[in-house]
Amino acid sequence: MKKISVAKFIVKKVEGWGVKDVPIFQGGAIMNVLSEIGKSKKIKFYCPNHEQALAMAVDAYARLNGFGVGFVTSGPGGTNLLTGVACSYYDSIPCMFFTGQVGQFHITGKRKVRQRGFQETDNVSIFKPVTKFSYQIKTPEEIDYILDKAYYEATTGRPGPVLIDIPFNIQNALINPKKLKKFMPKNNYGSKRNNLTNLSTLINSAKKPLFIAGGGLRVSSQNKNFVNLINKKNIPFITTWPAQDIIESKNKLYFGSVGRHAHLSACKISQEADLIVTFGVRFSPKIATELFAKKAKIISIDIDNAELTQGLINPNLKINCDLKKFFKEKKLLLKIKKIPQNDWHKNCHNKKSNFYENNQELSSNERKKFVNPYSFIKKLSLFTPDKSVLLTDAGCNLTYFMQSFLSKKNQRIISAWGNSPMGYSVAAGIGAQIASKKNNVISLIGDGSFLINVQELNFIKFYKIPLKIVVIDNKIYGNTKIGCEAYKIKSVGNDKATGYYPPEISKIAKSFDIKYLYLKNESLQNSLIKKFIKYKKACILHVNIHPDHPLIEHSNI
């Protein structure tokens, strides 16, 4: 067989994985691989303007398509990826990132000098804490083995990102693909079924059972199986934020998302339940308040045993099991009895009627000057079509959205739930739009976050990406200012008085030749939202929010 370069072999592998859209960022240490990508007839490459945005685009692409790949160069090319890779790691998103590296002769290794090669950085060590597998290629002949191992690690068990560092000289090395060592997995992610026998007994004996859907349902693609189960068994359920989109908000068994900045109805119901069963839920500080599940036994089902044994909450029954395997336990599921409509259902419905919607009304005078973010997002949800993808960023705009948006059938809500960096939603929106070309993609972001990856407006313009961007503009860093006030400490760097200068959204939009709409107050809200949704090209909707508009919190109920 004719020998081919390692660079070409890598591209053939990516083609074989079915990844059709790949973001790249050019650089001297990766140009050989990128040259081969440019020759590929199966891969369409695109070029974001910053490696951080590239990583976030890969992350969102993988959330929608199941797997994503990105390529950058050595040194700052690699280090700029870090924030986006961390997003994938904390949310268990399967991605593979390739970094170029200086030739092996120039790699510092165990020497005591700080650096031998130009733009040389030890990517493997830097990325090890936020990847499932981080490796620098040592010989050309191990490339097939390492790529298959990396793909296996990224997509098997609890998924996550992996990173492959490729020295420049190895990229050019010639190999015979038929003579390469093969990777044979040892099935480290085998079936675990511990404690399943007690589950149905505990559920059937409970008077006030409550299921909580977590992000693990999305990661394992078991959201439909979960919904089928609760519908068949008539079991009330709530969600965490990453699972809030698995069902329409109006569903009669759904009672909101739980947590400090979520739905009060869900928080109250979780306090009254006598049994809580969680599916792929990480007990974050947002959920694990003193009042959460104060009357309930907790059964937690999770693929990651560490989440069961080392989290903030110690479940009464720990079931270390892949949700894919759990929902194949037909005999077990049949043993769970259907719950008849009873006082518990009635109580849950009363809570949803009275405490599901979050709002903070503006005065009549304020309505003439500002927009209420809660009412705006609720109206946005009414006009947003089915199958739309919505991405939200960090801080106040994230909370306003998750508390107010009423999801419809087959809509997706995406955010970097565990890492929550500013600037995520626009960068990730690019990946989401490329992964979901036929659907509406809307990115919501705050004025402060808008500046973090503002360079990607250039990408949106030249690639004609029809991304719709909502800028929730309160002219401050609202979340941290509220935090300072809550802790009664001096607010620094949150507003004009202490160093933060909000961007002029209209001028930025004009400079990139992107359609701009301004929602100054609530008088034209419906018509502008409709115009924004129907516009066929990229568009920015600038929403004017009062700087002191409160953020509703449920930590002390």
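Up top is the structure.
Everything quoted here is computed from the prediction, not taken from an experiment.

## Describing the packing of aromatic side chains
Enumeration over the complete set of coordinates arrives at 24 aromatic pairs. Aromatic side chains F67 and Y151 sit 4.9 Å apart centroid to centroid with 75 degrees between the ring planes, which places their arrangement in the edge-to-face category. Pair noted here: F67 is in the loop between helix 3 (51-65) and strand 4 (68-72) and Y151 is in helix 7 (residues 143-155), with a separation of 84 residues, a long-range link. Where F279 meets F326, the ring centres are 5.8 Å apart and the plane angle is 75 degrees; that geometry is what we call edge-to-face. Of this pair, F279 sits in strand 12 (residues 275-279) while F326 sits in helix 14 (residues 323-326), and the two are 47 residues apart along the sequence. Each of the two residues, F279 as well as F326, counts as buried.

## Describing the nonpolar core
Residues F71, F98, I164, F450, L457, I460 and I469 are the most contacted members of the largest nonpolar core, which totals 73 residues. With eight residues, the top contributor of residues to this core is helix 20 (residues 424-435). Apart from the residues within four sequence positions on either side, L457 is in contact with F450, I469, I508, F512, I514 and I540. Formed by 34 residues, the second largest nonpolar core is a distinct cluster that contains A206, F211, I230 and C321.

## Thoughts on the layout of surface pockets
Any empty space left between atoms is shown by rolling a water-sized probe over those atoms. The computed volume of the second largest pocket comes to approximately 540 Å³. In terms of lining, the second largest pocket is formed by 22 residues, of which the most central are R218, K224, K409, N410 and Q411. At the level of secondary structure, the elements contributing two or more residues to the lining of the second largest pocket comprise helix 3 and helix 11 (223-233). If you tally residues by element for the lining of the second largest pocket, the top one is helix 11, at three residues. Across the lining of the second largest pocket, the residue classes break down as six nonpolar, eight polar and eight charged.

## So, helix 25 (residues 525-534)
Three or more residues of helix 25 are buried, namely Q525, L528, I529, F532 and I533. With its buried residues spanning 135 degrees around the axis, helix 25 presents them on a single face. Buried positions along helix 25 lie against helix 18 (373-383), strand 17 (441-446), strand 18 (468-473), strand 19 (515-519) and strand 20 (539-544).

## Some remarks on the sheet that holds strand 14 (residues 317-320)
Here six strands make up an open sheet; going across it, the order is 11-10-9-12-13-14 and the pairing parallel. Strand pairing shows two members of the sheet lacking a second neighbour, strand 11 (254-257) and strand 14, which therefore form its edges. With strand direction ignored, the average angle separating the axes of adjacent strands in the sheet is 20 degrees. This element, helix 11, spans strand 9 (209-213), strand 10 (237-239) and strand 12 of the sheet and lies at about 165 degrees to strand 9.

## What to know about unusual backbone geometry
For Q119, which is not glycine, the phi dihedral falls at a positive 55 degrees. Counting through the fold element by element, Q119 comes out in the loop between strand 5 (95-101) and helix 6 (123-127). For Q119, a relative accessible area of 29% corresponds to the partly exposed category. Phi at K488 is positive, roughly 55 degrees, even though this residue is not glycine. With respect to the helices and strands, the residue K488 is situated in the loop between helix 23 (478-486) and helix 24 (505-511). Classification of K488 as exposed rests on a relative accessible area of 78%.

## A word on the packing of helix 12 (residues 264-272) against helix 16 (residues 343-355)
The interhelical angle for the contact between helix 12 and helix 16, taken along N-to-C directions, is 150 degrees, at an axis separation of 8 Å. With respect to helix 16, the element helix 12 is oriented roughly antiparallel. Crossing of helix 12 against helix 16: the hand is right-handed. Facing helix 12, whose interface residues are L264, S265, K268, I269 and E272, helix 16 presents W344, N347, C348, K351, K352 and F355. Class assignment for the residues of the contact of helix 12 with helix 16 results in five nonpolar, two polar and four charged.

## Some words on the sheet that holds strand 6 (residues 133-136)
Reading across the sheet, the four strands line up as 4-5-7-6 and stay open at both edges, with parallel pairing between neighbours. Among the strands making up the open sheet, the edge pair consists of strand 4 and strand 6. Mean inter-strand twist for the sheet, computed between neighbouring axes without regard to direction, equals 15 degrees. In the sheet, strand 5 pairs with strand 7 (residues 161-167) via seven bridges, with the strands oriented parallel. Within strand 7, the position partnered with Q101 by the bridge is P167. Packing of helix 1 (residues 6-16) onto the sheet brings it into contact with strand 4, strand 5 and strand 7, and relative to strand 4 it is tilted by some 155 degrees.

## Re the pairing of strand 4
Strand 4 sits mainly inside the fold: five of its five residues count as buried. Burial of the side chains of strand 4 extends over both faces: G68, G70 and V72 are buried on one face and V69 and F71 on the other. Two strands pair when backbone bridges link them, and strand 4 and strand 5 are joined in this way by five bridges, in the parallel orientation. Bridged to V69 within strand 5 is M96.

## Quick look at the pairing of strand 12
With five of five residues buried, strand 12 is to be regarded as a mostly interior element. Taking every second residue as pointing to the same face, both faces of strand 12 are buried, with L275, V277 and F279 on one and I276 and T278 on the other. Relative to strand 12, strand 9 is paired through five bridges, and the arrangement is parallel. Each bridged residue has a counterpart across the sheet, and for P209 the counterpart in strand 12 is L275. Strand direction decides the pairing type here: strand 12 and strand 13 (residues 297-302), joined by five bridges, are parallel. Paired with L275 across the bridge in strand 13 is K297.

The rules behind these values
Residues numbered from 1 in each chain as written. Predicted model: local features only at pLDDT ≥ 70, side-chain atom pairs only at ≥ 80, totals over all residues. Heavy atoms only, no water. Phe/Tyr/Trp six-rings, centres within 6.5 Å; stacked < 30°, edge-to-face > 60°. Helix = DSSP H or I, 4+ residues; strand = E, 2+ residues; numbered from the N terminus. Buried < 20%, exposed > 50% of the residue type's maximum accessible area, 1.4 Å probe, protein only. Core = buried A, V, L, I, M, F, W, Y, C linked by side-chain atoms within 4.5 Å. Contact = heavy atoms within 4.5 Å. 1 Å grid on protein atoms, 1.4 Å probe; cavity = no way out; pocket = protein on both sides within 12 Å on 5 of 7 lines; lining within 4 Å. Points joined across faces, edges and corners; volume = space filled by probe spheres on them. Nonpolar A, V, L, I, M, F, W, Y, C, P; charged D, E, K, R; others polar. Arc of directions from axis to C-beta. Pairing = 2+ DSSP bridges. Axes fitted to C-alpha atoms, helices over the stretch in contact; angles between N-to-C directions. Parallel < 35°, antiparallel > 145°, perpendicular 65-115°, else oblique. Left-handed = near helix turned anticlockwise from the far one by under 90°.

Structural measurements only, silent on function.
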